[in-house]
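Residue-level structure breakdown
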Amino acid sequence: MYSRRIVLTGLGAITPVGCSPREFWQSLDERRSGVASVRAFRADDVRPSYAAEVKDFRPESDGLPRKKAKVMGRHAQFAYAAARQAYEDAGLVDCPALDRKRLGVVLGIGMLNADVIELGRAFHAMACAPETNGVEENGGSFDHVKFGRVCPSQLFPLWLLRHIPNLAAAHVSIGVDAQGPSNTITTGCVSAANAIGEAARIIARGDADVLLAGGADARVSPLGMLRYRELGWLATRDDIEPTAVSAPFDASASGFVNGEGAGVVVLEALDHARDRGARVYAELVGYGAANDGCEVFRPDPAGRALTRATRACLETCGLTQDDADVMFAPATSVPSFDRAVASGLEAAFSRTGKRPVVTATRSLVGHTHAASVALDCVAAVKSIEHARIPATINVEHPVTNLPLARGESCCMDISAAVVTAYGFGGHAAAIALRRFFE
Amino acid sequence: MKRRVAITGLGVVSPLGNGLERYWCSLAHGRSGVGRISRYDASGFPVQIAAEVRGFALSDYLDPQEHCSGHELGSTTLDLRTQYSLAAAEMAIRDAGLEESEAWRDASVYFGAGEGENDVELLSRLVTPYASQDDGCDVAGLLRCGDGWAFALHDHLMEPTIPASLLAARYGIGGEVTTCLTACAASAQAIGEAMRRIQSGECDLALAGGAHAMTAPLDVLGFAMLSALSSRNGAPSRASRPFDRDRDGFVLGEGAGVVVLEDWKHARRRGAPIHAEVVGYGTASDAYRVTDMHPDARGAIRAIVHALEDAAVAPADVGYVNAHGTSTVENDRAETLALHRALGDAARAIPVSSTKSMTGHGVAAAGALELIAVVLALHEQVLPPTINQETSDPECDLDYVPNRARAHAFDLAISNSFGFGGQNVALVVRRA
């Protein structure tokens with residue numbers, strides 16, 4: 001248990017199924033998939049032609065001025081909007097009880113791809129410009145001299161600002177005047193779990209009272225699609241409806257559906273939340289993290305780091321497997337990965353007796369990478385609040401004997417939810433949330 | 001009661017030399033690591049200089065035949081940042097005498113690593129056939145093309161998490177493995193956070209530090225277009241001149257710095273040589289602008305004050321400050337102000353130097369490279385200088401240890417790292 005109790009007092013979500021926590025939850029609850037034909041670029045006859053994109057995103061409605069949005073990557077715009085929602089939801093706007101120096105930001109951010117549209121213009125201009133002697137000098141096929149001469153005039157002068165990973169957190173800090181600790185964590189799809197766990201520690205050790213924590217990612221870009229398709233991780237089926245493609249834990253799974261979004265929660269010391277009379281959604285009671293320490297490019301088939309992280313998380317808060325009612329699993333619909341997740345979670349809950357109901361929201365929102373675990377935390381809080389577990393769709397022939405939530409969303413009184421994370425690089429983490437009692 | 005944190009291993013790959021001896025020798029002699037960019041012809045670029053690592057071969061540190069997760073470590077597909085990380089970590093682990101230790105199983109990694117270098121040549125090969133002035137790029141054409149594999153692998157290996165993950169795989173590290181990316185403060189923040197993990201008992205042993213190599217074409221161009229870099233192309237070794245009146249921007253550098261952090265008792269029990277003790281960590285944000293420091297340095301001041309409080313020491317106890325000192329007009333003025341405010345009257349008597357005058361700006365690697373410089377300075381009782389001090393700036397009025405190293409008896413030092421975007425970190429280190 002933390003030396004200082006930590007509660008969640010605000011939520012924000014920008015997702016493929018809605019641009020607020022309420023819409024996000026409703027879509028999950030009603031099993032509305034966010035997978036559809038790609039809109040960001042023309043991709044009619046390419047595979048895959050679908051993704052889980054954020055639709056109807058209007059940064060202005062979340063207080064982001066146009067001029068500011070121009071120097072932000074799409075992921076940073078999502079992060080800003082989700083953070084702003086969480087901040088307002090927590091009642092922190094103009095809150096006199098809030099010391100800005102004890103308000104911090106920790107975000108999980110993914111890698112940012114080059115923008116092929118912008119680079120395309122630069123490369124085109126290069127191709128049209130006369131040769132220099134640069135090619136012969138370096139002996140390669142690329143003329144660096146010409147690149148240096150031609151490209152600056154073709155690129156947006158501040159383009160680099162869209163590609164620096166920590167600037168999403170910097171924009172959030174500026175937007176809410178958070179002068180406390182700031183960190184940006186990049187551990188692939190586990191990023192947001194580490195961000196939320198590290199944020200909780202900052203509060204527990206007394207270095208801040210309120211933290212905006214979560215993650216954001218936007219890889220539904222041409223290069224993002226190309227990368228995952230070439231690596232063989234992306235589903236490319238075109239014989240079924242796009243909404244049926246993302247099938248975590250199902251025998252038909254063929255790869256993940258590329259998604260994007262951002263999730264942010266407000267973590268707050270309970271004493272601080274009480275003093276200002278804040279509404280409390282849930283309590284963050286445990287966190288654990290581990291690494292496979294053996295594999296970098298594929299998961300350990302036994303998912304051992306996931307088992308250790310989950311156990312460590314439950315141990316820190318004194319929960320047993322009987323206490324966990326629901327488990328948000330990181331299964332992405334990549335067959336080998338889902339099997340590793342299943343093995344890791346089965347081992348974590350190996351004792352006979354009650355086991356938590358398992359659900360995988362990626363069946364509906366696709367794989368949102370560095371945002372995924374933050375979105376699962378938002379979903380877990382909503383689950384506790386509404387006493388409902390959103391179902392995993394597209395599961396007909398499960399590859400695990402874990403008790404999966406399938407079919408319709410089910411009603412269940414939830415006192416504790418565990419959100420787990422596992423990803424490439426051997427990273428694993430787990431977060432335990434509990435219904436709040438005084 | 002917080003546990004004490006010992007530094008028991010150091011490893012460095014830097015523009016001033018690879019390995020502790022060469023690194024210190026250059027620092028103590030005030031040598032510049034800055035030169036004309038050598039890896040590509042930068043003569044068409046607005047900025048043509050950088051501090052590059054020279055004479056580096058991963059095979060000098062690791063067996064190139066060795067495989068890690070099915071990946072040949074000596075392979076050229078590993079980017080420079082990752083190669084530097086592997087070499088620096090191996091040095092640090094040997095230095096700590098922990099090559100064969102079982103203790104790594106429960107150890108932790110906290111790394112401040114940037115993304116790998118973008119291969120502009122590869123991107124050009126991929127995109128140019130589909131490029132146009134109007135649409136920029138025929139995306140459908142690009143996505144139909146069959147030869148994306150080289151790009152996909154390159155992009156995958158560029159992930160910031162790759163160095164830390166490879167270290168975990170190589171040494172069998174099963175505890176928490178974290179990578180943070182807070183720009184120029186990243187590796188200092190990583191060391192501070194790793195220190196917290198040991199203090200709180202989450203682990204007894206951690207690899208911490210960082211690596212970055214932002215000397216590739218797109219990075220140099222990007223920073224040049226932000227007008228952040230010195231354009232003193234004709235006099236590379238004089239380009240990085242922190243606190244000098246004629247400074248005109250920073251010089252991009254590269255490298256890796258890795259430290260082995262260990263619970264004090266754990267280190268003592270195994271009879272390890274203790275290089276120094278990390279005693280304080282402070283962090284705070286400017287929340288001002290993404291491209292500028294707060295003019296009153298509000299975040300930097302609090303980072304330094306918090307670090308001193310955390311170490312339970314007074315400003316007068318501080319014997320040396322290794323400055324962030326980037327050589328931009330703005331940073332050096334604001335940092336001077338921050339030191340005055342945070343250290344009060346003691347500031348005037350405390351020598352401050354910027355080793356970036358020699359190493360250039362290692363970005364995510366900078367904090368770790370500088371912490372290692374501090375540890376070596378404490379050990380040698382010699383302060384590395386700030387080189388290129390020719391004309392004083394009235395707004396920069398501290399003792400910057402100009403141009404020559406100085407013998408100095410001291411026990412406690414601060415290392416400042418201020419990240420682009422406004423994250424400020426200060427670490428306090430005590431002589432063992």
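Everything quoted here is computed from the prediction, not taken from an experiment.

**Let's talk about the overall build of chain B**
- Helix and strand counts for chain B stand at 13 helices and 19 strands.
- The globule rule puts the C-alpha radius of gyration for 432 residues at 22 Å, and the 21 Å found for chain B is close to it.
- Across its three principal directions, the C-alpha atoms of chain B cover 65 × 55 × 40 Å.
- Taking all 432 residues of chain B together, 66% fall into the buried category.
- Within chain B, contacts between residues at least 6 apart in sequence are counted, and of these 80% link residues at least 24 apart.

**Quick look at the overall build of chain A**
- Each helix and strand counted, chain A has 14 helices and 14 strands in total.
- For 438 residues, the compact-globule estimate of 2.2 N^0.38 gives 22 Å, and chain A sits close to it at 22 Å.
- Buried residues in chain A amount to 66% of all 438 residues.
- In chain A, of all internal contacts separated by at least 6 residues, the share reaching a separation of at least 24 is 79%.

**Focus on the interface of chain B and chain A**
- Between chain B and chain A, the residue contacts involve 77 residues of the former and 78 residues of the latter.
- Of the residues assigned to the side of chain B that touches chain A, the class counts are 37 nonpolar, 30 polar and ten charged.

**Observations regarding the environment of R304 of chain A**
- Examined against the element boundaries, R304 of chain A turns out to sit in helix α11 (residues 304-317).
- For the pair formed by R304 of chain A and N291 of chain A, sequence separation is 13 residues and the distance between their alpha carbons is 8.4 Å.

**Structural notes on the packing of helix α10 (residues 298-311) of chain B against helix α11 (residues 329-343) of chain B**
Residues and elements named next belong to chain B.
- Following both chains from N to C, one finds α10 and α11 inclined at 45°, their axes separated by 9 Å at the closest point. Considering their axes alone, α10 and α11 lie oblique with respect to each other. As α10 runs across α11, the sense of the crossing is right-handed. Across the interface between the two elements, A300, I301, I304 and V305 from α10 touch A334, E335, A338, R341 and A342 from α11.

**Some remarks on unusual backbone geometry**
Residues and elements named next belong to chain A.
- The peptide bond linking R47 to P48 adopts the cis configuration, its omega dihedral lying at -5°.
- Structurally, the position occupied by P48 is in the loop between β2 (36-37) and β3 (50-51).
- The phi dihedral of R31 is positive, around 60°, even though this residue is not glycine.
- Its location among the elements puts R31 in the loop between α1 (21-29) and β2.

**Here we look at the pairing of strand β8 (residues 282-291) of chain A**
Residue and element names in this part refer to chain A.
- In terms of burial, β8 is a largely internal element, ten of the ten residues being buried.
- Two strands pair when backbone bridges link them, and strand β1 (residues 6-14) and β8 are joined in this way by three bridges, in the antiparallel orientation. Bridging across to β8, L8 finds its partner in A282.
- In the sheet, β8 pairs with strand β14 (residues 427-434) via eight bridges, with the strands oriented antiparallel.

**Topic: the packing of α11 of chain A against helix α12 (residues 335-348) of chain A**
All names here are of chain A.
- Close contact between α11 and α12 brings their axes to 7 Å; oriented N to C, the two are set at 40°. α12 is crossed by α11, and the crossing has right-handed handedness. Only V341, G344, L345, A347 and A348 of α12 make contact with α11, whose side of the interface consists of R304, L306, T307, T310 and R311.
- Counted by class, the contact of α11 with α12 contains five nonpolar, three polar and two charged residues.

**Observations regarding helix α1 (residues 20-29) of chain B**
Residue and element names in this part refer to chain B.
- Within the span of α1, buried status applies to Y23, W24, S26 and L27. The buried residues of α1 occupy an angular sector of 165° when the element is viewed end-on, so they sit on one face.
- Against the buried residues of α1 lie β1 (5-14), β2 (17-18), α12 (356-359) and α13 (366-380).

**Things to note about the pairing of strand β7 (residues 260-269) of chain A**
Residue and element names in this part refer to chain A.
- Counting buried residues along β7, ten of its ten residues qualify, which places the element largely inside the surrounding structure.
- Neither face of β7 is left uncovered, since the one carrying E260, A262, V264, V266 and E268 and the one carrying G261, G263, V265, L267 and A269 both have all their residues buried.
- In terms of strand pairing, β1 meets β7 through eight bridges, oriented antiparallel. Across the sheet, residue A13 finds its bridge partner in β7, namely G263.
- Of the pairings in the sheet, the one linking strand β6 (residues 210-218) to β7 comprises nine bridges and is antiparallel in character. Considered in β7, the bridge of A213 is made with V265.

**Looking at the nonpolar core**
- Of all hydrophobic cores here, the largest spans 320 residues; its most connected members are L212 and V265 of chain A together with V259 of chain B.
- The greatest single-element share of this core, amounting to eleven residues, is contributed by α13 of chain B.
- If sequence neighbours within four positions are ignored, V265 of chain A has contacts with L8, G10, L11, A86, I196, A213, G214, A374, C377 and V378 of chain A.

**A few points about helix α7 (residues 167-176) of chain A**
- In terms of residue burial, α7 of chain A counts as a mostly covered element, since ten of its ten residues are buried.
- Taken together, the buried positions of α7 of chain A are occupied by L167, A168, A169, A170, H171, V172, S173, I174, G175 and V176 of chain A.
- Along its buried surface, α7 of chain A packs onto α3 (74-89), β4 (103-109), β5 (182-185) and β6 of chain A together with β13 (276-285) of chain B.
- D177 of chain A sits one or two positions beyond α7 of chain A and adopts a positive phi of about 55°.

**Structural notes on the domain arrangement of chain A**
Residues and elements named next belong to chain A.
- Looking at chain A, the domain boundaries give domain 1 (7-113 + 163-434) and domain 2 (116-161).
- Its C-alpha centre places domain 1 at a distance of 38 Å from the equivalent point of domain 2.
- Listed per partner, the contact involves six residues of domain 1 and four residues of domain 2.
- Looking at side-chain class alone, the side of domain 1 that touches domain 2 contains five nonpolar, one polar and no charged residues.

**Observations regarding the environment of A297 of chain B**
Residues and elements named next belong to chain B.
- On the secondary structure map, A297 appears in the loop between β13 and α10.
- Considered as a pair, A297 and N424 are 127 residues apart in the sequence and their alpha carbons are 9.6 Å apart.
- Residues in contact with A297, not counting those within four places in the same chain, are A334, E335, L337 and A338.

Criteria and thresholds
- Residues numbered from 1 in each chain as written.
- Chains lettered and ligands numbered in written order.
- Predicted model: local features only at pLDDT ≥ 70, side-chain atom pairs only at ≥ 80, totals over all residues.
- Helix = DSSP H or I, 4+ residues; strand = E, 2+ residues; numbered from the N terminus.
- Rg over C-alpha atoms; globule rule 2.2 N^0.38 Å.
- Buried ≥ 20, exposed ≤ 12 C-beta atoms within 10 Å, placed from the backbone.
- Contact = placed C-beta atoms within 7 Å.
- Nonpolar A, V, L, I, M, F, W, Y, C, P; charged D, E, K, R; others polar.
- Axes fitted to C-alpha atoms, helices over the stretch in contact; angles between N-to-C directions.
- Parallel < 35°, antiparallel > 145°, perpendicular 65-115°, else oblique.
- Left-handed = near helix turned anticlockwise from the far one by under 90°.
- Pairing = 2+ DSSP bridges.
- Arc of directions from axis to C-beta.
- Core = buried A, V, L, I, M, F, W, Y, C linked by C-beta atoms within 7 Å.
- Domains from an automatic or database assignment.

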